[in-house]
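The lines below spell out each chain.
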Amino acid sequence: MKRYRIVPLPSSVEYGDAEFEFGKIALEGEGFEERYFTRMLLPEAEFVRPEEADEKTLVVSRHRNGALPDEGCEIRIKGGRVDIACGAKGLLYAYVTLAQILEQADGKVRDVFVKDSPLCKYRGMMLDTARYFIPVDDVRRMADLCVLHKLNAIHLHLTDDQGWRLESDAYPKLHRKGSRRSHTNFDRKPHEGYYTKAEMRGILQYCAERNIAVMPEIDMPGHMRAALACYPELGCFGRQLPVATHSGVKHDILCAGKESTFDFVFRVLDEVAELFRGYTEYIHIGGDEAPKMRWDICPDCRKRMLKEGLADSERLQGWFMKRVAEYVVGLGFKPVVWNEACMKGVMPSDTVWQFWHTDGISAEETYADANATGGMINSDSAYAYLDLPYGQISLKKSYEFEPKPKALSEGKALGGEMELWGEYIPDQKTRLKRCLPRSCALAEKMWSAAESGYGDFRDRLEAFEDFLEERHFEGEDNEKVYDPDKARGTLQKLWFERRQLHWEGLHNLIDDARVAKKYNTDKTSK
């Protein structure tokens, strides 16, 4: 008899021997989840009112069960009835599972009892709106994909060197000027776009209906060229710079020595907090990839290091991030930072670490910081970076992701997050090609504690890919691409690395020499 191929894999599935033939479905509930079930999850099914049910109608009832986990559910299908028990936020996930079952049942559903609840508290997807602006409708579509993956968080990377994507009342140049660039890498077309506050409120409400929290990221002190293009005085030397047009790390960052920098940062965070309050408990403040050549020769930064008793610019960044994190705590949010060595051992107790690499800081050091503070979100770039080529992170590699490292203490492993960095993702079609099917593997690893091998996952994935495609989520469907052999994988990596070899790296070296010659008054500094 039929066994249902469900992704993510539920906690347990027990089958009975009987089957029920049906042609219609009747839902006894009338809430948002029922509307979502009929319009998004099973749009081709025939639905009737409960009083119109006949002997060929599958009747679905649901009720809250406070004994179940908040996002947990139980689904019992027997004798023409579907009874759903769910925690406070479990009903939508129950309907995602039920939709897969009924679509595979093809008019004849087998008796089954499904118990389900998530492994991870935090299950996220990061969307990089800064490198390429993501239109509102595409953000909403990605939120619906998150529902099908049973994810409960979207991380919006709103600002970077290549664009500022959120309206600001306090600093209007940020969205008027900082959201535009003249071209992108070697494509000569201009690019622009930002979210008005009204549009962002709409996104937040759309996600909230779907049990999705939205975490904003304002990355600092690096990745700030768009802001510096609008307000040059925020940098160390007031240089007139354009919004960045090329990918890669930029060397002009916020000045840590000027008090006016913190006035800017705090006013921006005030606006972000007001907008996102009630939709997330986190504000991400970045902290990654901040070259400090400017700080090393900046008189204001040197004075700050002397005043605060800081040995070098690495410790200055730790001081900078600690001060900003404390401000975020004061706003009533938990600060989130990328795991960087400069912040090791200095951050407030509420800080959440987002693990992405071990360049200059070991995994064990990050775990120690996470255990001592607010915990860790795992987005290990070896498994969870969906912008990277399949030759570097194959589908099989993604399925090896372990979101909850054993070295983390109880309650400190918050969960996992998949990253869709946007340097080479200009549109939704490309986004889905990079995302699917790897996001299916990562979502299952964040959701399911049940034992399953890769072969079993691939078997279930075949059915789930059909489910996704029928709802117009079309990803990479060529097995030779997403699980490439060694030769094809090497070619994929070479092609990706070739795209990253642009003149910006050389430009940074030349520009550093110019800056040092013009602004370095202490010729002994390095």
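The structure displayed is predicted, hence computed values, not measured ones.

K.L.:
Please explain the overall build of the chain as it appears in this structure.
P.N.:
Tallying secondary structure elements over the chain gives 18 helices and 19 strands in all. For 526 residues, the compact-globule estimate of 2.2 N^0.38 gives 24 Å, and the C-alpha radius of gyration of the chain, at 25 Å, lies within 12% of that figure. Viewed in the frame of its principal axes, the chain has a C-alpha envelope of about 85 × 50 × 45 Å. A fraction of 75% describes how many contacts in the chain between residues 6 or more apart in sequence connect residues 24 or more apart. For the chain, the exposed area adds up to about 21600 Å²; of that, 49% sits on carbon and sulfur atoms.

K.L.:
Quick question: what am I supposed to make of the sheet that holds strand β19 (residues 413-420) here?
P.N.:
Sheet strands line up and pair through hydrogen bonds in the backbone, either parallel or antiparallel. Pairing is parallel around the closed barrel formed by 8 strands, whose spatial order is β8-β9-β14-β15-β16-β17-β18-β19. Across the sheet, the axes of successive neighbouring strands diverge by a mean angle of 30°, strand direction being ignored. For strand β8 (residues 122-128) and strand β9 (residues 153-157), the ladder comprises 5 bridges, and the chain directions are parallel. Paired with M125 across the two strands is I154, which belongs to β9. Each of β8, β9 and β19 touches helix α3 (residues 136-149); the most contacted strand, β8, lies at about 155° to it.

K.L.:
It is not clear to me how unusual backbone geometry should be interpreted in this structure. Could you clarify?
P.N.:
Excluding glycine, most residues fall at negative phi; most peptide bonds, likewise, are trans. Of note, the bond from M220 into P221 is cis; its omega dihedral lies within 30 degrees of zero at -5°. Mapped onto the fold, P221 is located in the loop between β14 (213-220) and α6 (225-230). At the junction of L436 and P437, the peptide bond is cis and its omega measures out at 10° in the coordinates. Following the sequence through the fold, P437 ends up in the loop between α13 (428-435) and α14 (438-447). One non-glycine residue with positive phi stands out, namely D106, at about 55°. Within the element layout of this structure, D106 appears in the loop between α2 (91-105) and β7 (108-116). Positive phi, normally seen in glycine, also occurs at N211, with a value near 65°. Following the sequence through the fold, N211 ends up in the loop between α5 (197-209) and β14.

K.L.:
How should the pairing of β7 be read in this particular structure?
P.N.:
Two faces make up the sheet, and in a regular strand the side chains alternate between them. The buried fraction of β7 amounts to 7 of the 9 residues, a majority that puts the element mostly inside the structure. In this structure, strand β1 (residues 12-21) lies alongside β7, joined through 7 bridges in antiparallel fashion. Bridge pairing in β7 links E19 to R110.

K.L.:
For this particular structure, what's the right way to read helix α1 (residues 32-41)?
P.N.:
Each α-helix winds once per 3.6 residues, and so residues spaced three or four apart point in a common direction. The buried fraction of α1 is high, at 7 of 10 residues. Restricting attention to buried positions, one finds in α1 the residues F32, E33, E34, Y36, F37, M40 and L41.

K.L.:
Just checking my understanding: could you explain the packing of aromatic side chains for this structure?
P.N.:
Per the counting criterion, the structure on display carries 27 aromatic pairs. Ring geometry for Y122 against Y282: centres 6.1 Å apart, planes inclined by 70°, an arrangement best described as edge-to-face. Taken together, the residues Y122 in strand β8 and Y282 in strand β15 (residues 282-286) connect sequence positions 160 residues apart. With a relative accessible area of 6%, Y122 lands in the buried category. Taking 4.0 Å as the distance between ring centres and 10° as the angle between the ring planes, the aromatic pair formed by F266 and Y327 counts as stacked. Taken together, the positions of F266 in helix α7 (residues 259-276) and Y327 in helix α10 (residues 313-330) put the pair 61 residues apart, joining distant regions of the chain. We classify F266 as buried; its relative accessible area is 14%.

K.L.:
Honestly, the side chain of T129 in this entry has me stumped. Any pointers?
P.N.:
Residue placement: T129 occurs in the loop between β8 and α3. From its side chain, T129 meets the backbone oxygen of H157 in a polar contact 2.9 Å long.

K.L.:
I'm lost on the pattern of salt bridges in this one. Help?
P.N.:
Close approach of charged atoms lets side chains of opposite charge pair. Per the counting criterion, the structure on display carries 37 salt bridges. Across the pair D459 and R5 runs a salt bridge, and its minimum N-O distance is 3.5 Å. Residue D459 is located in helix α15 (residues 454-470), and its partner R5 is located in the segment before β1; the two are separated by 454 residues in the primary sequence. Classification of D459 as partly exposed rests on a relative accessible area of 37%. Between D483 and R458 there is a salt bridge, and its shortest N-O distance comes to 3.2 Å. Of this pair, D483 sits in the loop between α16 (479-482) and α17 (486-500) while R458 sits in helix α15, and the two are 25 residues apart along the sequence.

K.L.:
What is the right way to read the pairing of strand β2 (residues 24-27) from this model?
P.N.:
Sheet topology places β2 next to strand β4 (residues 57-64); 4 bridges connect them, and they run parallel. Residue pairing in the sheet places K24 in a bridge with T57 of β4. With 2 bridges joining them, β2 and strand β3 (residues 47-48) adopt parallel strand pairing. When the bridges of β3 are listed, I25 appears paired with F47. Viewed along the sheet, the connection from β2 through α1 into β3 turns out right-handed.

K.L.:
What am I meant to see in the packing of α7 against α10 here?
P.N.:
If you want to describe how two helices pack, look at the angle between their axes and the distance between the axes. Two elements in contact, α7 and α10, have axes separated by 11 Å at closest approach and are oriented at 35°. Between α7 and α10 the crossing geometry is right-handed. Taking contact as the criterion, the partners of E259, T261, F262, V265, F266, L269 and D270 in α7 are, on α10, W319, F320, R323, V324, Y327 and V328.

What counts, and where the lines are drawn
- Residues numbered from 1 in each chain as written.
- Predicted model: local features only at pLDDT ≥ 70, side-chain atom pairs only at ≥ 80, totals over all residues.
- Heavy atoms only, no water.
- Helix = DSSP H or I, 4+ residues; strand = E, 2+ residues; numbered from the N terminus.
- Rg over C-alpha atoms; globule rule 2.2 N^0.38 Å.
- Contact = heavy atoms within 4.5 Å.
- Areas by Shrake-Rupley, 256 points an atom, 1.4 Å probe, with all protein chains shown as cover.
- Pairing = 2+ DSSP bridges.
- Axes fitted to C-alpha atoms, helices over the stretch in contact; angles between N-to-C directions.
- Buried < 20%, exposed > 50% of the residue type's maximum accessible area, 1.4 Å probe, protein only.
- Phe/Tyr/Trp six-rings, centres within 6.5 Å; stacked < 30°, edge-to-face > 60°.
- Polar contact = N/O pair within 3.5 Å; in protein donor to acceptor, adjacent residues only side chain to side chain.
- Salt bridge = Lys/Arg side-chain N within 4 Å of Asp/Glu carboxyl O.
- Right-handed = clockwise from strand over helix to strand, strands pointing away.
- Left-handed = near helix turned anticlockwise from the far one by under 90°.

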